Amino acid sequence: MAKFEIIVGSVLGASEYVADALAETLSNHGHSANIHLLPNLAEIDQDAIWLICTSTHGAGDLPDNIQTFAQQIALQNLNKLNFLVVGLGDSSYDTFCYAAQHMEKTLLAAKAKLLHPALHVDVLNHPIPEEVAVEWLDNVLKSTQFDD
Ligand SMILES: Cc1cc2nc3c(=O)[nH]c(=O)nc-3n(C[C@H](O)[C@H](O)[C@H](O)COP(=O)(O)O)c2cc1C
């Protein structure tokens, strides 16, 4: 069993639904998960696996609720941290899933390890994004060995 910290970036709520579905999937696999809707580095376990779940807004911008967190981690050395990324976006924007890419790059720059290639859900093709996200996470969990 592993512990996950699900870090949500959302404006309109879709990523929150996805985060809830991902937490349920983790629980079904015997893992524990906390969901952070207003993420603050001081309250998030760095020994847990982080699951970033964020939409993109504006013109490729991070949702407001995750911007401070993104600034906090940019200053860190997170070389023991493992993470996963689920992005929600709309491929009609040429900034498709930029926020998820930004979070991934920021964590990689902080020396964290990406456990599996990110999922970028195109809400144009997937009007119920939690379906594809749960399928993806199921496969990730089946193919990845997690330490206790
Ligand atoms: C005003 C606005 C701007 C958006 N800008 C982008 C964008 O730059 N890139 C992208 O991939 N998706 C963009 N989207 C699509 C959202 O990321 C998508 O609708 C997502 O499902 C919203 O998730 P949320 O409800 O968690 O915020 C935008 C949506 C809106 C309403």
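Description of the structure in this document.

What counts and what doesn't
Residues numbered from 1 in each chain as written. Predicted model: local features only at pLDDT ≥ 70, side-chain atom pairs only at ≥ 80, totals over all residues. Helix = DSSP H or I, 4+ residues; strand = E, 2+ residues; numbered from the N terminus. Rg over C-alpha atoms; globule rule 2.2 N^0.38 Å. Buried ≥ 20, exposed ≤ 12 C-beta atoms within 10 Å, placed from the backbone. Contact = placed C-beta atoms within 7 Å. Core = buried A, V, L, I, M, F, W, Y, C linked by C-beta atoms within 7 Å. Expected span 1.5 Å × (residues − 1). Arc of directions from axis to C-beta.

1. A word on the overall build of the chain
Alright, step 1. In terms of helices and strands, the chain carries four helices and six strands.
Alright, step 2. In sequence order, the secondary structure elements of the chain are arranged as β-α-β-β-α-β-α-β-β-α.
Alright, step 3. A compact globule built from 148 residues should have a C-alpha radius of gyration of about 15 Å, and the chain, at 14 Å, falls within 12% of that.
Alright, step 4. Its C-alpha atoms put the chain at 40 × 35 × 25 Å along the principal axes.
Alright, step 5. Among the 148 residues that make up the chain, the fraction classed as buried is 37%.
Alright, step 6. The long-range share in the chain, meaning contacts at least 24 apart out of those at least 6 apart in sequence, stands at 80%.

2. Some details on the nonpolar core
Alright, step 1. Residues I6, L22, L51, I52, C53, F83 and V86 are the most contacted members of the largest nonpolar core, which totals 36 residues.
Alright, step 2. Put simply, the parts of the chain that give this core at least two residues each are β1 (3-9), α1 (14-28), β3 (49-55), α2 (64-74), β4 (82-89), α3 (98-109), β6 (119-122) and α4 (129-143).
Alright, step 3. Discounting chain neighbours no more than four positions away, the residues touching I52 are I7, F83, V85, A100 and M103.

3. Here's the deal with α4
Alright, step 1. Relative to the 21 Å expected for 15 residues at 1.5 Å per residue, α4 spans 22 Å between its end C-alpha atoms, a close match to the ideal helical length.
Alright, step 2. Of all the positions in α4, only P129, E130, A133 and L137 are classed as buried. Buried residues of α4, seen end-on, are gathered within an arc of 80° and therefore sit on one face of the element. In α4, the exposed positions angled more than 90 degrees off the buried face are occupied by E135, N139, K142 and S143.
Alright, step 3. Elements that come into contact with the buried residues of α4 comprise α1, β4 and β6.

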